[in-house]
Amino acid sequence: MSTLRDERLTNQILQSKSVVEIQFYLMATPCRACRKGRLNALRQHAEDESSRLRVDVECAGCQDKTTLEFKLDPDAPDSDRNNLYPVVNPTDEPSRLLDVGQWITLFRVVLEAASKESDRIEARRLGYEAAQCLEEALKFYDDNELPPEGAVFTDTTRTRLRDVPQQFSRSHLLAMRAKLPSNTVMQRNIRNQDSDQPQKRPWWQFWRS
């Protein structure tokens, strides 16, 4: 996993569990030029009879443009724009695209977006995505309280793990996940197309009717 950071900088082929995971990768990966701006997808090109996907991206800050190439796993779920609850990773294997710290950050970012969303269905959908990010982070752990060395392959995560290890506590992450409904319950509530506006609730209750 330690070579993944270099692959990002040199535009080598990146292994992905799903198209949804690629979307999260663009959210979590800074621009290669300015190292600050978020990457926005411009176009994607799927090669015929191939699991490879090329994505043209542009930095939201400096407007640097590049093309990233991904290879989808053989068991990657089909991409469906109309799917309200797409699967990030259908396997028990941890991601090779994003490390444990990036998934934890994505969990918090998406959860914050859910808490600010006025539309109940969209808030639930975002909450479902946040829960998947937390589950992806937990896939890196064994029985130890902190993630293993192989779960870290970005300098940002390495620094955070050294400075604030409590943010990576397995028991802390498990406690947050325990407050969430099951994926089945969240999917059911997403399908419940009521138009009522959500009231102020603790973050783990966004999926309740």
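You'll find the structure just up there.
What comes next is a walk through the structure.

## Digging into unusual backbone geometry
Residue Arg35 is not a glycine yet carries a positive backbone phi of 65°. By the secondary structure assignment, Arg35 is in the loop between helix H2 (19-28) and strand E2 (39-46). Notably, Gln63 is not glycine yet its phi reads approximately 65°, a positive angle. Considering the arrangement of structural elements, one finds Gln63 in the loop between strand E3 (52-59) and strand E4 (65-72). Residue class for Gln63 comes out partly exposed when judged on its relative accessible area of 44%.

## Description of the pattern of salt bridges
Taken as a whole and assessed by the stated rule, the structure comprises 14 salt bridges. Glu136 is the salt-bridge partner of Lys139, the closest N and O atoms lying 2.8 Å from each other. Here Arg162 ties to Asp163 by a salt bridge, and the two come within 3.3 Å at their closest N and O atoms. Here the salt bridges share partners, and the residues they tie into one network are Lys17, Asp73, Glu93 and Arg96.

## Some details on the sheet that holds strand E1 (residues 14-16)
Taken together, four strands build an open sheet; the order of strands is E1-E4-E3-E2 and the sheet is mixed. The open sheet is flanked by E1 and E2, the only strands paired with a single partner. Between one strand axis and the next, the sheet turns by 35° as a mean value, whatever way the strands run. Where E3 lies against E4, seven bridges are found, and the strand directions are antiparallel. For Arg52, the partnering residue across the bridge sits in E4 and is Lys71. Relative to the sheet, H2 contacts E1, E2, E3 and E4, its axis offset from that of E4 by approximately 145°.

## Section: the side chain of Arg160
Mapped onto the fold, Arg160 is located in helix H5 (residues 155-163). Buried within the structure, Arg160 lacks any salt-bridge partner; its nearest side chain of opposite charge belongs to Asp99, at an N-O separation of 6.6 Å. One polar contact links Arg160 to Gln167, side chain to side chain, over a distance of 3.4 Å. The contact partners of Arg160, leaving out residues within four places of it in the chain, are Gly101, Ile104, Thr105, Arg108, Pro165, Gln167 and Phe168.

Rules behind the numbers
Residues numbered from 1 in each chain as written. Predicted model: local features only at pLDDT ≥ 70, side-chain atom pairs only at ≥ 80, totals over all residues. Heavy atoms only, no water. Helix = DSSP H or I, 4+ residues; strand = E, 2+ residues; numbered from the N terminus. Buried < 20%, exposed > 50% of the residue type's maximum accessible area, 1.4 Å probe, protein only. Salt bridge = Lys/Arg side-chain N within 4 Å of Asp/Glu carboxyl O. Pairing = 2+ DSSP bridges. Axes fitted to C-alpha atoms, helices over the stretch in contact; angles between N-to-C directions. Contact = heavy atoms within 4.5 Å. Lys, Arg positive; Asp, Glu negative; His and termini not counted. Polar contact = N/O pair within 3.5 Å; in protein donor to acceptor, adjacent residues only side chain to side chain.

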